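# Observations on chain architecture
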Amino acid sequence: MSLEEKIIALNQPTYEKKSYSVVEVQNILGISRQTVYKLIKQKCFKAVKIETGYRILKESFDCWLDNE
């Protein structure tokens, strides 16, 4: 890696993801969107409704996934 590439990499904004979208959970689990909504309704993990969609709290989802 060149010095210029290292500088660019170091200057990239970094942040830790705090939530997942329904589509992200769908892809992680390999299930349908409808099944993700069923899991939300069953309160398997914490989700917050924002306008017309949901955000699934990453920490809650990860704990649920580790226990399953």
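What this report covers is the structure whose coordinates are included nearby. This structure is a prediction, so every number in the text was calculated from the model and none was measured.

Pairing in this open sheet of three strands is antiparallel, and the strands run β1-β3-β2 from one edge to the other. Each having just a single partner strand, β1 (19-21) and β2 (47-50) make up the two edges of the open sheet. Within the sheet, the average angular offset between the axes of one strand and its neighbour, ignoring direction, is 35 degrees. The pairing of β1 with strand β3 (residues 53-57) spans three bridges and is classified as antiparallel. Paired with S21 across the two strands is R55, which belongs to β3. Sheet contacts for helix α4 (residues 58-67): β1 and β3; angle to β3, the most-contacted strand, approximately 65 degrees.

If you walk through the whole model with that rule in mind, you get five aromatic pairs. Taking 5.2 Å as the distance between ring centres and 75 degrees as the angle between the ring planes, the aromatic pair formed by F45 and W64 counts as edge-to-face. With F45 in the loop between α3 (33-41) and β2 and W64 in helix α4, the pair connects residues that are 19 residues apart, well separated along the chain. Judged by centre distance (5.9 Å) and plane angle (35 degrees), the rings of F61 and W64 are tilted.

Before going further, it helps to spend a moment on the packing of helix α2 (residues 22-29) against α4. Look at α2 against α4: their axes get within 13 Å of each other, and the N-to-C directions meet at 20 degrees. Classed by the angle they form, the pair α2 and α4 counts as roughly parallel. Between α2 and α4 lies a crossing whose hand is right-handed. Facing V25, I28 and L29 of α2, the residues of α4 in contact are F61, W64 and L65.

Here the focus is the pairing of β2. In terms of strand pairing, β2 meets β3 through four bridges, oriented antiparallel. In the sheet register, A47 faces β3, and the bridge partner there is I56.

Criteria and thresholds
- Residues numbered from 1 in each chain as written.
- Predicted model: local features only at pLDDT ≥ 70, side-chain atom pairs only at ≥ 80, totals over all residues.
- Heavy atoms only, no water.
- Pairing = 2+ DSSP bridges.
- Helix = DSSP H or I, 4+ residues; strand = E, 2+ residues; numbered from the N terminus.
- Axes fitted to C-alpha atoms, helices over the stretch in contact; angles between N-to-C directions.
- Contact = heavy atoms within 4.5 Å.
- Phe/Tyr/Trp six-rings, centres within 6.5 Å; stacked < 30°, edge-to-face > 60°.
- Parallel < 35°, antiparallel > 145°, perpendicular 65-115°, else oblique.
- Left-handed = near helix turned anticlockwise from the far one by under 90°.

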